[in-house]
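# Coordinate analysis (summary)
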There are 4 protein chains.
Amino acid sequence: MSDPFMETLGLKVLSLGPGEAVVEGRVEKAHLNLHGTGHGGFLYALADSAFALASNSRGPAVALSTRMDYFRPVRAGERVRAVAQEVFLSRRTATYRVDVLRLGEDGPERVALFTGTVYRLEVKDVPTGARDSAQGEA
Amino acid sequence: MSDPFMETLGLKVLSLGPGEAVVEGRVEKAHLNLHGTGHGGFLYALADSAFALASNSRGPAVALSTRMDYFRPVRAGERVRAVAQEVFLSRRTATYRVDVLRLGEDGPERVALFTGTVYRLEVKDVPTGARDSAQGEA
Amino acid sequence: MSDPFMETLGLKVLSLGPGEAVVEGRVEKAHLNLHGTGHGGFLYALADSAFALASNSRGPAVALSTRMDYFRPVRAGERVRAVAQEVFLSRRTATYRVDVLRLGEDGPERVALFTGTVYRLEVKDVPTGARDSAQGEA
Amino acid sequence: MSDPFMETLGLKVLSLGPGEAVVEGRVEKAHLNLHGTGHGGFLYALADSAFALASNSRGPAVALSTRMDYFRPVRAGERVRAVAQEVFLSRRTATYRVDVLRLGEDGPERVALFTGTVYRLEVKDVPTGARDSAQGEA
């Protein structure tokens, strides 16, 4: 289920379900920036890949707009993971949140937060089981 | 704990704690747009107020950058609620996620998602109990 | 061309054309936050109103996702202006950039930058004269 | 002036000045997604590289928050360019806008718009010549 760009970056799909996906990678020297830490574009590509897999699990969709908040740098050799969850799904658009984690010795630590909205190319009914995580919240 | 703009819009603080806040309001006719639904700026002001309260609970902070994803329109007469949670806190910046809910007869339903990052005006140590919700996740 | 929420906030349309709009207002005491400066939600409402007018000039459209970057605080009594310009227009979506300016004695000064994307409710052909400001740039 | 990740993706710096940078690349098969078009993460990495160069031209800075709006797909073989301009510069933060263009036979065409804010690691005075492009605008 990976695509050419994910292969180029060594990203692997750990799990994939309706509206969700988990992707993992390793920060290599080829992924560093001028500060010697993981490039913002590398961490984004990790998150974006999980986002693309999660959103396309509902039928073909294209990204419209995304946001990335960077919290902590990552270092060469560290393993990183992106966990994409569906926040909203309608017939024409859908929104996902992706947590980007560093898998250190002390357990996972969040290093970035990604939010993304897609446009769905085929008008579809929303599956009955689609998550609307606001239900029952608050 | 409300400010002049919140009073102007009839917004009330329901709860306030370290790094979190809940604000509620009611969509009045004075808050509608040209389509006759709640103005995007009104829903944003609701979310932004919860964001400001949650972030300033950690010491003085100013907003740097926010994102708002709109999912569903709200109607005049509906009650709406913003629930702000801390996603990340460091000495200089912090990031919050705010769920915006419509409080209908069938329970709360998410109508928008807000993400915001602040710059903290006084350098502070991060409280030991500060949430880092990635711990133990994934 | 103003709507109820704009009237509530005292916002006025200065100009309106295909894919563009200019809206002005004045920071009143009723628009302040806890720091005693203009509320982030007020400045956003100003920008969002210009965005809504500019995007609906192309036919009915609803906001999907927005971003607001805050640069400088505004004070009670200051006049502020939002200038919305079309960055992209297609049959289904469109994106606008809104500069938020403070109109001081030394000329306009940017206090915030807004970016917003809409979903267009009626499938339309893109007008031949629609701006694509990348043409000829760079 | 390129970094390891830019080299991995074949990205080259075309120009670099105070607060601005232009970076170019070519969409290779190794950069495609599952739809067979350029991966969103590749276009983002292009824009993010121009953003990093432009912001670090003012002294060391790290990305806090970014937004990417996608307009059109790009194809294998196409040349793409990112043009980063400074929108705001203060002692502690700065914001950049990056236009992402496809360089086709009919001239440049915008395919995405990137907005990014950095935190500046060393407190610096703002250079007298720093752009504040709102001056004289509107």
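Remember, it's a predicted structure, so these values are computed and weren't measured experimentally.

### A look at the overall build of chain A
Scanning chain A for helices and strands turns up two helices and six strands. Sequence-ordered secondary structure for chain A, helices as α and strands as β, is α-β-β-α-β-β-β-β. Computed over C-alpha atoms, the radius of gyration of chain A comes to 15 Å, within 12% of the 14 Å expected from 2.2 N^0.38 for 138 residues, which places it in the range of a compact globule. In terms of overall dimensions, chain A has a C-alpha envelope of 45 × 35 × 25 Å along the principal axes. Residue burial in chain A is summarised as follows: out of 138 residues, 61% are buried. Contacts in chain A between residues far apart in sequence, at least 24 positions, make up 65% of those at least 6 positions apart. Summed over all atoms, the accessible surface of chain A reaches about 5,100 Å², with 49% contributed by carbon and sulfur. For chain A, the distance from the average position of its 17 positive side-chain charges to the average position of its 17 negative side-chain charges is 1 Å.

### Let's talk about the environment of D:His35
Along the chain, D:His35 falls in the loop between β2 (20-26) and α2 (40-56). When its relative accessible area of 40% is taken as the criterion, D:His35 is described as partly exposed. Among residues more than four places away in sequence, those in contact with D:His35 are A:Asn56, A:Pro60 and A:Ala61. For D:His35, the side chain forms a polar contact with the side chain of A:Asn56, separated by 3.2 Å. Among the polar contacts listed, one links the side chain of D:His35 to the backbone oxygen of A:Ala61, at a separation of 3.3 Å.

### Considering the relation of the copies chain D and chain A
Placing chain D over chain A gives an RMSD of 0.0 Å and needs a rotation angle of 180°, together with 0.0 Å of translation along the axis. In short, the pair behaves as if placed about a two-fold rotation axis. Nearest to the rotation axis, the C-alpha of D:Arg67 is located 2.2 Å from it, this being the minimum over chain D.

### Focus: helix α2 (residues 40-56) of chain A
An ideal rise of 1.5 Å per residue puts 24 Å on 17 residues; α2(A) measures up with 24 Å between its terminal C-alpha atoms. Counting buried residues along α2(A), 15 of its 17 residues qualify, which places the element largely inside the surrounding structure.

### Considering the UniProt feature "domain: Thioesterase" (unreviewed entry) in chain A
Feature annotation in UniProt assigns "domain: Thioesterase" (unreviewed entry) to the following positions: residues 35-103 of chain A. Along residues 35-103 of chain A the backbone is 25% helical and 46% strand, and the end-to-end C-alpha distance reaches 21 Å.

### Focus on the sheet that holds strand β4 (residues 79-89) of chain B
Reading across from one edge, β1(B)-β2(B)-β4(B)-β5(B)-β6(B)-β3(B)-β3(C)-β6(C)-β5(C)-β4(C)-β2(C)-β1(C) is the order of the 12 strands in this open sheet, with antiparallel pairing throughout. The outermost strands of the open sheet, each flanked by one partner alone, are β1 (12-17) of chain B together with β1 (12-17) of chain C. The average angle at which neighbouring strand axes cross in this sheet is 20°, direction not considered. Where strand β2 (residues 20-26) of chain B and β4(B) come together, six bridges link them in antiparallel fashion. Bridge assignment links B:Ala21 to a residue of β4(B), and that residue is B:Ala84. Sheet strands touched by helix α2 (residues 40-56) of chain B: β1, β2, β3 (61-70), β4, β5 (93-104) and β6 (107-120) of chain B together with β3 (61-70) of chain C. Its angle to β3(B), the strand with the most contacts, is close to 140°.

### Describing the pattern of salt bridges
Across all of its chains, the model carries 40 salt bridges over all chains by this definition. The partner of A:Glu86 in a salt bridge is A:Arg58, and the shortest N-O contact between them spans 2.7 Å. Of the two residues, A:Glu86 sits in strand β4 (residues 79-89) while A:Arg58 sits in the loop between α2 and β3 (61-70), which places them 28 residues apart along the sequence. Residue A:Glu86 is classed as buried on the basis of its relative accessible area of 2%. In this structure, B:Arg72 engages B:Glu109 in a salt bridge whose closest nitrogen and oxygen atoms are separated by 3.3 Å. Of the two residues, B:Arg72 sits in the loop between β3 and β4 while B:Glu109 sits in strand β6, which places them 37 residues apart along the sequence. Taking the relative accessible area as the measure of exposure, B:Arg72 reaches 22% and is therefore partly exposed. Bridged by salt links that share partners, the residues A:Arg72, A:Glu78, A:Arg102 and A:Glu109 form one connected network.

### Some thoughts on empty space enclosed by the protein
Taken as a whole and assessed by the stated rule, the structure comprises five cavities of 30 Å³ or more. Put simply, the largest cavity is a space of about 40 Å³. If you list the elements that add at least two residues to the lining of the largest cavity, you get β6 (107-120) of chain C together with β6 (107-120) of chain D.

### Notes on the interface of chain D and chain A
Residue-level contacts link 34 residues of chain D with 34 residues of chain A. Between chain D and chain A, a total of about 2,600 Å² is buried, with carbon and sulfur atoms accounting for 58% of that surface. Applying the counting criterion to the chain D and chain A interface returns zero salt bridges. Those elements giving two or more residues to the side of chain D that touches chain A turn out to be α1 (4-9), α2 and β3 (61-70) of chain D. Here five bridges tie β3(A) to β3(D), and the two strands are oriented antiparallel to one another.

### Regarding the packing of α2(B) against helix α2 (residues 40-56) of chain C
At a minimum axis separation of 9 Å, α2(B) and α2(C) run at an interaxial angle of 160°. The angle between α2(B) and α2(C) places the two elements in the roughly antiparallel class. When the axes of α2(B) and α2(C) are compared, the crossing they make is right-handed. Here B:Gly40, B:Gly41, B:Tyr44, B:Ala45 and B:Asp48 of α2(B) lie close against α2(C), whose contacting residues are C:Gly40, C:Gly41, C:Tyr44, C:Ala45 and C:Asp48.

### Details of the sheet that holds strand β4 (residues 79-89) of chain D
On the basis of which strands lie adjacent, the open sheet formed by 12 strands has the order β1(A)-β2(A)-β4(A)-β5(A)-β6(A)-β3(A)-β3(D)-β6(D)-β5(D)-β4(D)-β2(D)-β1(D) and antiparallel pairing. Looking at strand neighbours, the two that pair on one side only are β1 (12-17) of chain A together with β1 (12-17) of chain D, the edges of this open sheet. Neighbour-to-neighbour, the strand axes of the sheet open up by a mean angle of 20°, direction not taken into account. As defined by bridge partners, strand β5 (residues 93-104) of chain D adjoins β6(D) across 12 bridges and the pair is classed as antiparallel. Across the sheet, residue D:Gly104 finds its bridge partner in β6(D), namely D:Gly107.

Quick notes on the rules
- Residues numbered from 1 in each chain as written.
- Chains lettered and ligands numbered in written order.
- Predicted model: local features only at pLDDT ≥ 70, side-chain atom pairs only at ≥ 80, totals over all residues.
- Heavy atoms only, no water.
- Helix = DSSP H or I, 4+ residues; strand = E, 2+ residues; numbered from the N terminus.
- Rg over C-alpha atoms; globule rule 2.2 N^0.38 Å.
- Buried < 20%, exposed > 50% of the residue type's maximum accessible area, 1.4 Å probe, protein only.
- Contact = heavy atoms within 4.5 Å.
- Areas by Shrake-Rupley, 256 points an atom, 1.4 Å probe, with all protein chains shown as cover.
- Lys, Arg positive; Asp, Glu negative; His and termini not counted.
- Charge placed at Lys NZ, Arg CZ, Asp CG, Glu CD.
- Polar contact = N/O pair within 3.5 Å; in protein donor to acceptor, adjacent residues only side chain to side chain.
- Least-squares fit on C-alpha atoms with pLDDT ≥ 70 in both.
- Expected span 1.5 Å × (residues − 1).
- UniProt positions renumbered as here; feature names shortened; annotations may be inferred.
- Pairing = 2+ DSSP bridges.
- Axes fitted to C-alpha atoms, helices over the stretch in contact; angles between N-to-C directions.
- Salt bridge = Lys/Arg side-chain N within 4 Å of Asp/Glu carboxyl O.
- 1 Å grid on protein atoms, 1.4 Å probe; cavity = no way out; pocket = protein on both sides within 12 Å on 5 of 7 lines; lining within 4 Å.
- Points joined across faces, edges and corners; volume = space filled by probe spheres on them.
- Buried area = accessible area lost by both parts, 1.4 Å probe.
- Parallel < 35°, antiparallel > 145°, perpendicular 65-115°, else oblique.
- Left-handed = near helix turned anticlockwise from the far one by under 90°.

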